[in-house]
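Structural overview
What follows is the residue order along each chain.
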Number of protein chains: 2
Amino acid sequence: MTKAPTRIQKRNRAAILSAGLDVFSQYGFRGTTLDQIAEAAGLSKPNLLYYFPSKEAIHTALLERLLENWLDPLKALDASGDPVQEISAYVRRKLALSKDFPRESRLFANEILQGAPWIEGILRNDLKHLVDEKAVIIQGWADAGKIAPVDPYHLIFSIWALTQHYADFDVQVRAVLGDRAPYDGAAVFLDQLYDKLLTPTQADGKAE
Amino acid sequence: MTKAPTRIQKRNRAAILSAGLDVFSQYGFRGTTLDQIAEAAGLSKPNLLYYFPSKEAIHTALLERLLENWLDPLKALDASGDPVQEISAYVRRKLALSKDFPRESRLFANEILQGAPWIEGILRNDLKHLVDEKAVIIQGWADAGKIAPVDPYHLIFSIWALTQHYADFDVQVRAVLGDRAPYDGAAVFLDQLYDKLLTPTQADGKAE
DNA sequence: TCTTGGTTTGACCAAACGGTCAAAAGAACG
DNA sequence: CGTTCTTTTGACCGTTTGGTCAAACCAAGA
């Protein structure tokens, strides 16, 4: 039975996780040092290790916290809703995640770039099964003529790519846009893009 | 006047750059060690440093080589060509780059994730000016009714995101697709996507 | 063959790294 | 106040890191 954490424990654990997220999301696991995290958290290195047993423990805690919510937007895709609206809503949820949690997005990107050493199993199991399941739904919509015929897997990849790009490549986006705000234009553009892609046209033969 | 490199120099320099690309593209600059590169290149560490003066020199050489060709596909976008075909061709060129040079794409992604410490100036100057220039062309096409009205900047971002995703998130894409080949489906999907997005419809008012 | 210049390496260095520990400092509470 | 438990830290440890260097090795032309 574990005791309830004191308020100092709460504060410092939160500070360490936030500092770790800052540094890990920028430099990846191997490129991050405990001293960097300690300084960002405003603690000494031994004090860090009083709250977390190792560098890897901080990293693992962050990845676990991330994965708790990472798949939620896709899980919420509802087979009984209006198809185009369901997908547009998914795009909006992912874009909001990118805007509100860019460090988490970059932490994930770093993990994937490194070959997903910690979460490869989750990708091959949880993620794959979830995408397979949702791909069936989307394929059903396409077969029923409710959306234009489209490869469901690449449709989902496109949503990941387009939304996470604004968090992961933030520096580049801002360098190009100057002082214009990225996310307003992005929301309009993505709405337009998926509306045009998915709204069925006369050319798309409808099923009975 | 520098002497012509011997064949051993050519071979070893190439081996070091290839090995460096392998490791840097996976772990980033800080997460990469000289020993890793040396082992991947099949050389001893002091021998590495006989060909390159420092770890940073290898990294810089790789970034410079990358940037030589990185912007070419966008530069080739031709104002006098057919608008939809020009953009589709740009998408195909970028997708081919992603397929044929995935390590370079990941090296770039790592640099951006780290805040672009080496190439921030290039992003703010060369890249921004190039995109500004091409955005004018695309805006002109839209104003003339030759493509559907669309934000040129986010259009370009979308092409970057969608094509580089297949290289940068390769592990995730393959985990989801299983043994299916990513790039065939991607090419079809992207063709379809940009055709639908850009082909003007009756709803888009044409200019005189 | 010998010599010259390019190539390779074992041994080494100082700094940075992840992590430990005992002891000091501080909070909490009767 | 004194006691107990939590928190913080300076000093330290073994390893890894980027990098150096003199010496050994080797290829090739005269």
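See the structure printed just above.
Residues numbered from 1 in each chain as written. Chains lettered and ligands numbered in written order. Predicted model: local features only at pLDDT ≥ 70, side-chain atom pairs only at ≥ 80, totals over all residues. Heavy atoms only, no water.

1. Examining the protein's contact with DNA strand D
Taken together, 20 residues sit near DNA strand D, with Thr6(A), Gln9(A), Tyr51(A), Arg7(B) and Leu34(B) positioned nearest. Near the protein, meaning within 4 Å, the atoms of DNA strand D are sugar or phosphate in a fraction of 63%, with bases accounting for the rest. Lys45(B) places a polar side-chain atom, nitrogen or oxygen, 2.9 Å from a base nitrogen of DNA strand D. Of all the elements in the fold, those that place two or more residues in the surface near DNA strand D are helix H1 (7-31) and helix H3 (45-51) of chain A together with helix H3 (45-51) of chain B. Counted by class, the surface near DNA strand D contains 7 nonpolar, 8 polar and 5 charged residues. (Near = heavy atom within 4 Å. Polar contact = N/O pair within 3.5 Å; in protein donor to acceptor, adjacent residues only side chain to side chain. Helix = DSSP H or I, 4+ residues; strand = E, 2+ residues; numbered from the N terminus. Nonpolar A, V, L, I, M, F, W, Y, C, P; charged D, E, K, R; others polar.)

2. Some words on helix H4 (residues 55-70) of chain B
Residues and elements named next belong to chain B. Over its 16 residues, H4 extends 22 Å from the first C-alpha to the last, a length consistent with the 22 Å expected when each residue adds 1.5 Å. Of all the residues in H4, the buried ones are Lys 55, Ile 58, His 59, Leu 62, Leu 63, Leu 66 and Trp 70. Each buried residue of H4 sits inside an arc of 130° when the element is viewed along its axis, so together they form one side. Relative to its buried face, H4 has exposed residues pointing more than 90 degrees away, namely Glu 64 and Glu 68. (Expected span 1.5 Å × (residues − 1). Buried < 20%, exposed > 50% of the residue type's maximum accessible area, 1.4 Å probe, protein only. Arc of directions from axis to C-beta.)

3. A short note on the nonpolar core
Core analysis: the biggest nonpolar cluster contains 138 residues, and Leu155(A), Tyr194(A), Ile58(B), Leu155(B) and Tyr194(B) have the highest contact counts within it. When near neighbours in sequence (up to four residues on either side) are disregarded, Leu155(B) contacts Phe189(A), Ile87(B), Ile138(B), Val150(B), Tyr194(B), Leu197(B) and Leu198(B). (Core = buried A, V, L, I, M, F, W, Y, C linked by side-chain atoms within 4.5 Å. Contact = heavy atoms within 4.5 Å.)

4. Describing the packing of helix H9 (residues 152-168) of chain A against helix H9 (residues 152-168) of chain B
Interaxial distance between H9(A) and H9(B) falls to 9 Å at its minimum, and their mutual angle equals 120°. Taken together, H9(A) and H9(B) sit at an angle that is classed as oblique. The handedness of the crossing between H9(A) and H9(B) is right-handed. Of the residues in H9(B), those touching H9(A) at His154(A), Phe157(A), Ser158(A), Trp160(A), Ala161(A), Leu162(A), His165(A) and Tyr166(A) are His154(B), Phe157(B), Ser158(B), Trp160(B), Ala161(B), Leu162(B), His165(B) and Tyr166(B). (Axes fitted to C-alpha atoms, helices over the stretch in contact; angles between N-to-C directions. Parallel < 35°, antiparallel > 145°, perpendicular 65-115°, else oblique. Left-handed = near helix turned anticlockwise from the far one by under 90°.)

5. As for the protein's contact with DNA strand C
In the neighbourhood of DNA strand C, 20 residues make up the surrounding shell, with Arg7(A), Lys55(A), Thr6(B), Gln9(B) and Tyr51(B) lying closest. Of the residues forming the surface near DNA strand C, the biggest block, 4 residues, is contributed by H3(B).

6. Some words on the pattern of salt bridges
Close approach of charged atoms lets side chains of opposite charge pair. All names here are of chain B. Within this structure, the stated rule accounts for 14 salt bridges over all chains. Taking the shortest distance from any N to any O, the salt bridge between Asp 191 and Arg 92 comes out at 2.8 Å. Here Asp 191 is found in helix H11 (residues 182-198), whereas its partner Arg 92 is found in helix H6 (residues 83-100), with 99 residues between them in sequence. Accessibility expressed as a relative area gives 32% for Asp 191, which makes it partly exposed. (Salt bridge = Lys/Arg side-chain N within 4 Å of Asp/Glu carboxyl O.)

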